[in-house]
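A structural walkthrough
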Amino acid sequence: MIGILLVNLGTPDAPTTSAVRRYLRQFLSDPMVIDINPVARALLVNFVIAPFRSPKSAAAYRKVWMPEGSPLLVHTRNLAKKVQDGLGERFKVAVGMRYGKPSIEAAVSELLKANVSEVRMLPLFPQYAASSTGSAVAEFERVMKKQDGAPPFRILPPFYKDAGFIEAFAKVAEEIFEKTRPDHVLFSFHGLPERHILKEDPVGNHCLKFDECCDQDVMQNQKCYRSHAFKTAHALRKRLGIPDDVCSVSFQSRLGRTPWLKPYTDLVIPELVKEGKKRIVVFCPAFVADCLETLEEIGIRARESATAAGAEAFEFVPSLNDSPLWVDAVCRMARS
C-alpha cells in the first residue's frame, strides 16, 4: 500500500478570537514565514499581530465558516475522500495541515498505522514558495526522519502549469465567463514579501532585477514564486483564449509595511473600474481549496470595493475544491 499525504496550509479550529490567535501564533512564528531576527519575530507576533489581528480575522472567518467547519479543511477532506475512491485499495490517503489540525505528524501517524510501504507527499500549493511549500516539506521531513523504521518517502513537485490543474481551473471558470462576459480578467495570487523572492535567486542577479525576469526559464528562477504565478496565469489565459489586453496579474493578502509583490489586488480592482473595466472576473490560482482569502477577501471585500467604484458585474472563479477534473489530476499526480 502506498501512502498519499495531501498537505495544505492550515486553519483555526473555530472562528473565535482565541482560536484565531492560537493559529496565528503558530503560523507566524515559523521562521520561514516571518524571516527576521527571532526576538523581533516573537515580539511582533505575540504583542502586535496576534492580539490586534485576531478579532478582525475571527470576524472574517465567521462570514465564511461552513456548518461542517472551516472551508479550507472541509474542501481538503472532501478532496481526499474522492481521491481515495479514485485511487482504490492500493493507496491510503491522509490530510495534514502545516499549522493547526490535523497536523502533518498526525497524518503521518495515520499512514504508518496502515503499514504503507512508501509515502508520497503532495503539497497543495501550485506555485513554490519557501513560506508554504518549503515549510511544509521541512516539517514533513522532520516528522518522517524521527520515525523508527519509517518507509521511504518522496515529495511531489509544484504543479503550477500541470495540464490537469490548468484544465480543471479552466472548466470551473467556463460557467462564470458565460454568465459574466467580462471585459477584464484578473489573476490574483497570494502575495509574498519581495525579500522572499530575492532569497530564492541562487546567484542574486536575476529575480526582480528587470521587468522580464519572470518571462525566462532559467536556473535563477526555478524556485521563484512570482515566475510560477505568471506561468500559471499564462497557461490559463491561453487555455481560455483570453486576449493579452484584457487580463492582468496582481497579488493579495499582504501583511506589514515591507515591500510585497506588486501590484496589490485591493488597489488594482477599483483602478480597473475607473479605467472603464465594468465587468470583472477574478481568478485565485494560488488556492486549490476555497478559504478565507478567496471567499472573504475576494468574494466579499473585493466585490464591495468593485461595486463601490461602479462595477456592473464582479465575480470570482471558485477554487477547485473537489471538482471532478481536479480529483482526476490529483490521482494522476499521486500515481506518477
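Below you will find a few notes about this structure. What you see is a predicted model, and the numbers here were worked out from it, not measured in a lab.

Moving on: helix α4 (residues 104-113). Given 3.6 residues per helical turn, the α-helix brings residues three or four places apart onto the same face. Among the residues of α4, those classed as buried are Ile104, Ala107, Val108 and Leu111. Within α4, the buried residues cover an arc of 100° as seen down the axis, which keeps them to one side. Looking at the buried positions of α4, the neighbouring elements they touch are β1 (2-11), β2 (91-100), β3 (118-123) and α5 (130-145). A positive backbone phi angle near 60° is found at Asn115, which sits one or two residues after α4.

With that settled, consider the pairing of β3. Counted residue by residue, β3 has 6 buried out of 6 residues, so it is predominantly covered. Alternating positions in β3 separate into two faces, Glu118, Arg120 and Leu122 on one and Val119, Met121 and Pro123 on the other, with burial throughout. Where β3 and strand β4 (residues 153-155) come together, 3 bridges link them in parallel fashion. Across the sheet, residue Arg120 finds its bridge partner in β4, namely Arg154. Taking the sense of rotation as the criterion, the β-α-β connection linking β3, α5 and β4 turns out right-handed.

Read across the open sheet, the 4 strands follow the order β6-β5-β7-β8; overall the sheet is parallel. At either margin of the open sheet sits one strand with a lone partner, and together these are β6 (247-252) and β8 (313-316). With strand direction ignored, the average angle separating the axes of adjacent strands in the sheet is 25°. Running at roughly 170° to strand β7 (residues 279-283), helix α6 (residues 163-180) makes contact with β5 (184-190), β7 and β8 of the sheet.

Summed over the entire model, instances satisfying the criterion amount to 12 aromatic pairs. Taking 5.3 Å as the distance between ring centres and 80° as the angle between the ring planes, the aromatic pair formed by Phe140 and Phe153 counts as edge-to-face. One end of the pair, Phe140, is in helix α5; the other, Phe153, is in strand β4, and 13 residues separate them in sequence. According to the relative accessible area criterion, Phe153 is partly exposed, its value standing at 28%. For the pair Phe169 and Phe283, a centre-to-centre distance of 6.0 Å together with 65° between the ring planes defines the contact as edge-to-face. Taken together, the residues Phe169 in helix α6 and Phe283 in strand β7 connect sequence positions 114 residues apart. Like Phe169, the residue Phe283 is buried in the burial classification. Aromatic rings pair up to connect Phe159, Phe165, Phe169, Phe177, Phe187, Phe283 and Trp326 into one cluster. The aromatic ring of Tyr264 is capped on one face by Arg254, whose charged end is 3.9 Å from the ring centroid.

Moving on to α6. With 18 residues, α6 should reach 26 Å at 1.5 Å per residue; the first-to-last C-alpha distance of 25 Å fits that figure. Along α6, the largest kink reaches about 30° and is centred on Ala173. Here α6 has its buried residues at Gly164, Phe165, Ile166, Ala168, Phe169, Ala170, Val172, Ala173, Ile176, Phe177 and Thr180. Looking at the buried side of α6, the elements it contacts are β5, α8 (225-240), β7, β8 and α11 (324-335). The distance from a side-chain oxygen at the start of α6 to the backbone nitrogen of Gly164 is 2.9 Å, and the residue carrying that oxygen is Asp162. Trailing α6 by a residue or two, Arg181 shows a phi angle of about 50°, which is positive.

Looking now at the nonpolar core. By size, the foremost hydrophobic cluster in this structure holds 76 residues, and its most contacted members are Leu6, Phe187, Phe189, Tyr225, Val282, Phe283 and Trp326. Of the residues forming this core, the biggest block, 9 residues, is contributed by α6. Look past the residues within four positions of Val282 in its chain and what remains in contact with it is Leu186, Ser188, Ile269, Ile298, Phe314, Glu315, Phe316 and Val317. With 16 residues, the next largest nonpolar core counts Val119, Met121, Val137 and Val143 among its residues.

Strands sit in the order β2-β1-β3-β4 across an open sheet of 4 strands; the sheet is parallel. Lying at the two open borders of the sheet, with one neighbouring strand each, are β2 and β4. Averaged over all pairs of adjacent strands, the angle between strand axes in this sheet comes to 25°, irrespective of strand direction. Looking at chain direction, β1 and β3 are connected through 6 bridges and run parallel. Looking at the pairing, Leu5 lines up with Met121 of β3.

On to the packing of α4 against α5, then. For the pair α4 and α5, the least separation of the axes is 10 Å and the interaxial angle reads 50°. With respect to their mutual orientation, α4 and α5 come out oblique. In this structure, α4 meets α5 at a crossing whose hand is right-handed. Here Ile104, Glu105 and Val108 of α4 lie close against α5, whose contacting residues are Ala136, Glu139, Phe140, Arg142, Val143 and Met144. Its residues assigned to classes, the contact of α4 with α5 shows 6 nonpolar, no polar and 3 charged.

Rules used throughout
Residues numbered from 1 in each chain as written. Predicted model: local features only at pLDDT ≥ 70, side-chain atom pairs only at ≥ 80, totals over all residues. Heavy atoms only, no water. Buried < 20%, exposed > 50% of the residue type's maximum accessible area, 1.4 Å probe, protein only. Helix = DSSP H or I, 4+ residues; strand = E, 2+ residues; numbered from the N terminus. Arc of directions from axis to C-beta. Contact = heavy atoms within 4.5 Å. Pairing = 2+ DSSP bridges. Right-handed = clockwise from strand over helix to strand, strands pointing away. Axes fitted to C-alpha atoms, helices over the stretch in contact; angles between N-to-C directions. Phe/Tyr/Trp six-rings, centres within 6.5 Å; stacked < 30°, edge-to-face > 60°. Lys NZ or Arg CZ within 6 Å of the ring centre and 35° of its normal. Expected span 1.5 Å × (residues − 1). Bend = angle between axes of the 7 residues up to and from the residue. Polar contact = N/O pair within 3.5 Å; in protein donor to acceptor, adjacent residues only side chain to side chain. Core = buried A, V, L, I, M, F, W, Y, C linked by side-chain atoms within 4.5 Å. Parallel < 35°, antiparallel > 145°, perpendicular 65-115°, else oblique. Left-handed = near helix turned anticlockwise from the far one by under 90°. Nonpolar A, V, L, I, M, F, W, Y, C, P; charged D, E, K, R; others polar.

Distances and angles like these do not, on their own, reveal function.
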